[in-house]
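Geometric and topological summary
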Amino acid sequence: MTKQHNDPSSMGLFGLALVTLIASSNKFGMTHGVSGIIPWAIFLGAGMQLYAAKLDADKANNFGMTAFGAFGCFWLGVSMHWLISLGILGSTALSSLDSHQLGFALIGYTVFSLYMTIASLTVSKTMTLLFVFIDLLLINMSLSNFDIAKDVTHNLAAISEVLISLTAFYMSASLMLNERFKRNVLPLGSAFVEV
């Protein structure tokens, strides 16, 4: 009997949607500090996306595995950075923290996201839109981290993060409802490039 694999994308996208919603509340000044974001970043941003990546790997879905795996690790890295900045990992780690190293990681993730945006052209219009918003977030976070037009780039990052959250919620709902009702309840749009 062939083992059936369900599509983990709805779950992974929900993890992304929720953690970016919570993180955006901090960027907009609606909440303060990162202590309350860390659990959601670890369990939803990282844990749920890494599990989705593992399930996509089982299905030989390289795009899903790579996207969920890379962004799951992103949230683990950011969480560790926040733990260090809060002094939770000790005063030695805190005293040697250079936040510009996070900036270089953000630049690396921007490069990654840009080529994943190109790859997303073969998935769906909504997936491409999601990656465009991720590109905008990472570009503006990188600039803000290096104090380049910080007020503007910080606000643009906050707006991008909300757009990521809304798009990911929509995609998660679409994949779940379309599968359960066996019809296109919430359309994702055909791919820009058919392969």
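Here's a quick rundown of the structure. (Residues numbered from 1 in each chain as written. Predicted model: local features only at pLDDT ≥ 70, side-chain atom pairs only at ≥ 80, totals over all residues. Heavy atoms only, no water.)

**Topic: the overall build of the protein**
From N to C terminus, the protein includes seven helices and zero strands. Along the protein, helices (α) and strands (β) appear in the sequence α-α-α-α-α-α-α when read from the amino end. Expressed as a percentage of its 195 residues, the buried residues of the protein come to 43%. Just so you have it, the protein exposes about 10,400 Å², and 69% of that area is on carbon and sulfur atoms. (Helix = DSSP H or I, 4+ residues; strand = E, 2+ residues; numbered from the N terminus. Buried < 20%, exposed > 50% of the residue type's maximum accessible area, 1.4 Å probe, protein only. Areas by Shrake-Rupley, 256 points an atom, 1.4 Å probe, with all protein chains shown as cover.)

**Some thoughts on the environment of Gly189**
Assignment of secondary structure puts Gly189 in the segment after helix 7 (150-181). Gly189 gets classed as partly exposed once you look at its relative accessible area, which sits at 36%. Non-local contacts of Gly189, meaning those with residues more than four positions away in its chain, are made with Ser124, Lys125 and Thr126. (Contact = heavy atoms within 4.5 Å.)

**Here we look at helix 1 (residues 9-27)**
Helix length check: helix 1 (19 residues) gives 26 Å between terminal C-alpha atoms against 27 Å at 1.5 Å per residue, within 8%. Phi turns positive, to about 80°, at Gly29, one or two residues after helix 1. (Expected span 1.5 Å × (residues − 1).)

**Here's the deal with the packing of aromatic side chains**
Overall, the coordinates contain eleven aromatic pairs when judged by the stated rule. With a centroid separation of 5.2 Å and 80° between ring planes, the pair formed by Phe104 and Phe146 is classed as edge-to-face. You can see Phe104 sitting in helix 5 (residues 100-120) and its partner Phe146 sitting in the loop between helix 6 (125-145) and helix 7, a full 42 residues away along the chain. Phe104 sits in the exposed class, given a relative accessible area of 55%. A ring pair is formed by Tyr109 and Phe112, whose centres lie 6.2 Å apart and whose planes are at 80°; its orientation type is edge-to-face. You can see Tyr109 and its partner Phe112 sitting in helix 5, three residues apart, about one turn around the helix. Residue Tyr109 shares its accessibility class with Phe112, and that shared class is buried. Members of the aromatic cluster, connected to one another through ring pairs, are Phe63, Phe71, Phe74, Trp75, Tyr109, Phe112, Tyr115 and Phe131. For the cation-ring pair, Lys125 lies above Phe192, with the distance from its terminal atom to the ring centre recorded as 5.0 Å. (Phe/Tyr/Trp six-rings, centres within 6.5 Å; stacked < 30°, edge-to-face > 60°. Lys NZ or Arg CZ within 6 Å of the ring centre and 35° of its normal.)

**Some words on the packing of helix 3 (residues 62-85) against helix 6**
It is the contact of helix 3 with helix 6, at a shortest axis distance of 14 Å, that shows an interaxial angle of 30°. As judged from the angle between their axes, helix 3 and helix 6 are roughly parallel. Between helix 3 and helix 6 lies a crossing whose hand is left-handed. Along its contact with helix 3, which presents Phe63, Ala67, Phe71 and Phe74, the element helix 6 presents Met127, Phe131, Ile134 and Leu138. Its residues assigned to classes, the contact of helix 3 with helix 6 shows eight nonpolar, no polar and no charged. (Axes fitted to C-alpha atoms, helices over the stretch in contact; angles between N-to-C directions. Parallel < 35°, antiparallel > 145°, perpendicular 65-115°, else oblique. Left-handed = near helix turned anticlockwise from the far one by under 90°. Nonpolar A, V, L, I, M, F, W, Y, C, P; charged D, E, K, R; others polar.)

**Here we look at the nonpolar core**
Within the largest apolar cluster, 42 residues are counted, with the highest numbers of intra-cluster contacts made by Phe71, Phe74, Trp75, Trp82, Leu130 and Phe131. Counting residues per element, this core draws most heavily on helix 3, which supplies ten residues. Discounting residues that sit within four places of it in the chain, Phe71 has contacts with Gly45, Gln49, Tyr109, Phe112, Ser113, Phe131, Ile134 and Leu138. (Core = buried A, V, L, I, M, F, W, Y, C linked by side-chain atoms within 4.5 Å.)

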